[in-house]
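Structure at a glance
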Amino acid sequence: MKIRKAVFPVAGLGTRVLPATKAIPKEMLTIVDKPLIQYVVDEAREAGVEHFVFVTGRNKGAIEDHFDRMYELDAVLAARGKKAEMEILARDQPEAGAMSFTRQQAPLGLGHAVWCARDIVGDEPFAVLLPDELVLNTPGCLKQMVEAASKLGGKSNLIAVEEVPVDLTHQYGICGVGKRHAGSRMFEVDGMVEKPAKGTAPSNFSITGRYILQPEIFKILQKHERGAGGEIQLTDAMIGLAKTQKFYGVEFEGERHDCGSKAGFLRANIAFGMARPDLRDGLREEMRKYLKK
């Protein structure tokens, strides 16, 4: 299964990390020295994605600017002989025409955001990556999913899953566990439910922010049926699609970070900083000094 296109829903207001997101898109908040959105784009590129589709909203222009060329900056760096900095910018620069931007226009939920990308995605399987969820691992989460998809036949859909404490399942989308796929960390999904009532969850495997979906999902989202919170929920559409197509849960390897919360954002900065050989020793020493106070 070749996944050429990925959708990034980036229209959210980032209310969990206010006031930082009052004037800055949450996707542009930095983890160490890169904005959140750059990490997930890099993850998609590693997995073979060729076209990046951003579903944006008002006040999100900084995301588009980030992936554009800044000729003034390039000229200044070149004049000053800043070769290392120029290489960093060149490394992250996408090819011309490899990115598309469309507007969601109204906060109607994740399912609605994905539906807004329908004409750009077209009639082919695609990935969805939530930018406020990072997975620290090599290879990245989406590449692991693409590799898992290569072992399947027919029109299959995949979702990244991880185990959560049983007493917290009511806070997540949860999937049931069916037949396990031999020789892999993958199983058939036996039902899905969004935030089940306490004690009713079919398992403790939560649905996380990485998906590989077939284009038939758009026909279901087209109905604009409202779910939890009065929004068009992607999970509800997946439940509908599961009636005719198989879904698989992929237990990815790596450490997931919810950067949409303040505590998760701070934790991610520490984790990604400690994963950097050029920063690890200095960061450890600074934390040691601080903890002594």
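Everything below is about the structure shown above.
These remarks concern the structure in this document. (Residues numbered from 1 in each chain as written. Predicted model: local features only at pLDDT ≥ 70, side-chain atom pairs only at ≥ 80, totals over all residues. Heavy atoms only, no water.)

1. Some points on the nonpolar core
Rules: In this text, buried Ala, Val, Leu, Ile, Met, Phe, Trp, Tyr and Cys residues form a nonpolar core when linked through side-chain atoms within 4.5 Å. Only protein chains enter the accessibility calculation, which uses a 1.4 Å probe; a residue whose area is less than 20% of its type maximum is buried, one above 50% is exposed, and one in between is partly exposed. By definition in these notes, contact holds between two residues if any of their heavy atoms fall within 4.5 Å.
Ranked by internal contacts, the top residues of the largest apolar core, which has 44 residues, are Phe-8, Ile-31, Ile-37, Phe-52, Phe-54, Leu-142 and Leu-158. Setting aside residues no more than four positions away along its own chain, Ile-37 makes contact with Phe-8, Val-10, Glu-27, Met-28, Phe-54, Ile-63, His-66, Phe-67 and Pro-131. Within the second largest apolar cluster, 31 residues are counted, among which are Val-114, Val-121, Ile-159 and Leu-213.

2. Thoughts on helix H10 (residues 262–274)
Counted only if it meets this: Helix and strand definitions here come from DSSP, where helices need a minimum of 4 consecutive H or I residues and strands a minimum of 2 consecutive E residues; each element is numbered from the N-terminal end. Given the number of residues in a helix, its expected span is that number minus one, multiplied by 1.5 Å.
The terminal C-alpha atoms of H10 lie 19 Å apart, and with 13 residues this matches the ideal 18 Å at 1.5 Å per residue to within 8%. Of all the positions in H10, only Gly-264, Phe-265, Ala-268, Ala-271, Phe-272 and Gly-273 are classed as buried. Where H10 is buried, its residues touch strand S2 (30–31), helix H1 (36–46), strand S7 (133–136), strand S13 (255–258) and helix H11 (280–292).

3. What about unusual backbone geometry?
Across the junction of Leu-18 and Pro-19, the peptide omega takes the value 5 degrees, indicating a cis bond. Relative to the helices and strands, Pro-19 resides in the loop between strand S1 (5–9) and S2. Cis peptide bonds are those with omega within 30 degrees of zero, and the linkage from Thr-138 to Pro-139 qualifies with 5 degrees. Examined against the element boundaries, Pro-139 turns out to sit in the loop between S7 and helix H7 (141–149).

4. Quick notes on the pattern of salt bridges
Rule in force here: Any carboxyl oxygen of Asp or Glu that lies within 4 Å of a side-chain nitrogen of Lys or Arg is treated as forming a salt bridge with it.
Applying the stated criterion across every chain, the model contains 22 salt bridges. For Glu-27, the salt bridge is made with Lys-60, and the minimal N-O distance between the two is 2.9 Å. With Glu-27 in the loop between S1 and S2 and Lys-60 in the loop between strand S4 (51–56) and helix H2 (61–66), this pair connects stretches of sequence that are 33 residues apart. Neither Glu-27 nor Lys-60 differs from the other in exposure class; each is buried. In this structure, the salt-bridge partner of Glu-133 is Arg-256, at a minimum N-O distance of 3.0 Å. Taken together, the residues span a long stretch of sequence, with Glu-133 in strand S7 and Arg-256 in strand S13 at a distance of 123 residues. Relative accessible area serves as the criterion here: at 18%, Arg-256 is assigned to the buried category. Several salt bridges converge on common partners, so that one network encompasses Lys-2, Arg-4, Lys-5, Glu-50 and Glu-124.

5. Remarks on the pairing of strand S6 (residues 126–129)
Using the following cut-off: Pairing between strands is defined by DSSP: at least two bridges between them are needed.
A two-sided burial pattern is seen for S6, the buried positions comprising Phe-126 and Val-128 on one face and Ala-127 and Leu-129 on the other. As judged from the two bridges shared by S1 and S6, these two strands associate in the parallel manner. Looking across to S6, one finds that Ala-6 is bridged to Ala-127. Strand direction decides the pairing type here: S6 and strand S11 (residues 205–213), joined by four bridges, are antiparallel. Following the sheet pairing, Ala-127 is matched in S11 by Ile-212.

6. A word on empty space enclosed by the protein
The condition that has to hold: Only protein atoms enter the calculation, which uses a 1 Å grid: trapped sets of points that fit a 1.4 Å probe without letting it out are cavities, open sets showing protein on both sides within 12 Å along at least five of seven lines are pockets, and any residue with an atom within 4 Å of a point is a lining residue. Grid points are joined across faces, edges and corners, and a volume is the space filled by probe spheres set on the points.
Following the criterion strictly, the structure yields one cavity of 30 Å³ or more and no others. Approximately 30 Å³ is the volume attributed to the largest cavity. Lining of the largest cavity is provided by Glu-133, Val-135, Thr-208, Gly-209, Arg-210, Phe-252 and Arg-256. Of all the secondary structure elements, the ones that give two or more residues to the lining of the largest cavity are S7 and S11.

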